[in-house]
Amino acid sequence: DGGITQSPKYLFRKEGQNVTLSCEQNLNHDAMYWYRQDPGQGLRLIYYSQIVNDFQKGDIAEGYSVSREKKESFPLTVTSAQKNPTAFYLCASSRRQGRTEAFFGQGTRLTVV
Amino acid sequence: AQSVTQPDIHITVSEGASLELRCNYSYGATPYLFWYVQSPGQGLQLLLKYFSGDTLVQGIKGFEAEFKRSQSSFNLRKPSVHWSDAAEYFCAVGASNFGNEKLTFGTGTRLTIIP
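From a predicted model like this one, the values you see are computed outputs, not experimental measurements.

Caption draft 1: Region of the structure containing the pattern of salt bridges. Residues and elements named next belong to chain A. As enumerated under the stated definition, the model contains eight salt bridges over all chains in all. Measuring nitrogen to oxygen at the nearest pair gives 2.7 Å for the salt bridge that ties R36 to D38. Each member of the pair, R36 together with D38, is buried. Because the salt bridges share partners, they merge into one network encompassing R36, D38 and R44.

In structure tokens, the structure reads:
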């Protein structure tokens, strides 16, 4: 079945460490997104990518980095520069940015310990 | 830049009662509008979408929404809620042109169903 797979579902990180969240899609979608979700704040866009080897910063990109080396994959690295990384992270994809609905993965809950 | 306002943070309704969740958007051109639902600890599932045409759109699970340009609104409705509808609901707006526009979400409305 086609869909978006995020891994792991739960992730624990020590302060000062970088950590990478995986996002893979087999929907043949061009655009991919990373959102951060905190209680009461909805979804805030971290990074998005319309094509391979190209990506743009969203509203809260500081402390995060991404790559888009393959159409199917859009990993997110939470760096030690991110001051408050504990959150629920959602990856999404769509056929074309803004003109169609986005499909979401099941999310990764990151906790800093 | 586009924005979305969901004025109700939390709504409680009785099972079998009707439901309306409010959504107001801000965007200069014709918007693309969506409603998504999220169960705790899960991703988002699309309920319905509006791109153009008929302003009353039908979605999954018996939901519908009406686009009202004059009020910049896209309210979600259901005539009779079920206990399984308890979840968080998000309204979102997308751009109408190609480019680096992004999908913008509201802050969500949490729906509680009481027996």
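Caption draft 2: Highlighting the pairing of strand β6 (residues 54-57) of chain A. Residues and elements named next belong to chain A. By the bridge criterion, three bridges tie strand β5 (residues 43-51) to β6 in an arrangement that is antiparallel. Bridge pairing in β6 places Y47 opposite K57. Counted along the chain from β5 to the antiparallel partner β6, the turn is two residues long, and its residue N53 has a positive phi close to 65 degrees.

Caption draft 3: Seen up close, a nonpolar patch on the surface. Nonpolar side chains collect at one region of the surface, where A:Y10, A:F12 and A:V113 lie side by side and expose about 370 Å² of accessible area between them. Along the chain, A:V113 falls in the segment after β11 (108-112).

Caption draft 4: Geometry of the sheet that holds strand β7 (residues 64-66) of chain A. Residue and element names in this part refer to chain A. If you walk across this open sheet you meet the four strands as β1-β3-β8-β7, and the pairing is antiparallel. Where the open sheet ends on each side, the last strands, each with one partner, are β1 (4-7) and β7. Between one strand axis and the next, the sheet turns by 20 degrees as a mean value, whatever way the strands run. As paired strands, strand β3 (residues 19-25) and strand β8 (residues 76-78) are joined by three bridges and run antiparallel to one another. Counted as the bridge partner of L21 is L76 from β8.

Caption draft 5: Representation of the nonpolar core in the model. Membership of the largest hydrophobic core comes to 27 residues, with the highest contact counts inside it found for B:L19, B:W35, B:L47, B:L48, B:F74, B:L76 and B:Y89. Ranked by residues supplied to this core, first place goes to strand β10 (residues 87-94) of chain B with four residues. Judged by nonpolar contacts, the second largest core, of 20 residues, contains A:Y47, A:A61, A:V66 and A:F74.

Caption draft 6: Region of interest: the environment of B:I113. Residues and elements named next belong to chain B. Inspection of the secondary structure assignment puts I113 in strand β12 (residues 109-114). Owing to a relative accessible area of 15%, I113 belongs among the buried residues under this scheme. Apart from residues no more than four positions distant in its own chain, I113 is found in contact with V13, S14, E15, V81, H82, W83, D85 and A86.

What counts, and at which threshold
Residues numbered from 1 in each chain as written. Chains lettered and ligands numbered in written order. Predicted model: local features only at pLDDT ≥ 70, side-chain atom pairs only at ≥ 80, totals over all residues. Heavy atoms only, no water. Salt bridge = Lys/Arg side-chain N within 4 Å of Asp/Glu carboxyl O. Buried < 20%, exposed > 50% of the residue type's maximum accessible area, 1.4 Å probe, protein only. Pairing = 2+ DSSP bridges. Helix = DSSP H or I, 4+ residues; strand = E, 2+ residues; numbered from the N terminus. Patch = residues over 30% accessible without salt bridge, like charges linked within 9 Å, V, L, I, M, F, W, Y side chains within 5 Å. Areas by Shrake-Rupley, 256 points an atom, 1.4 Å probe, with all protein chains shown as cover. Axes fitted to C-alpha atoms, helices over the stretch in contact; angles between N-to-C directions. Core = buried A, V, L, I, M, F, W, Y, C linked by side-chain atoms within 4.5 Å. Contact = heavy atoms within 4.5 Å.

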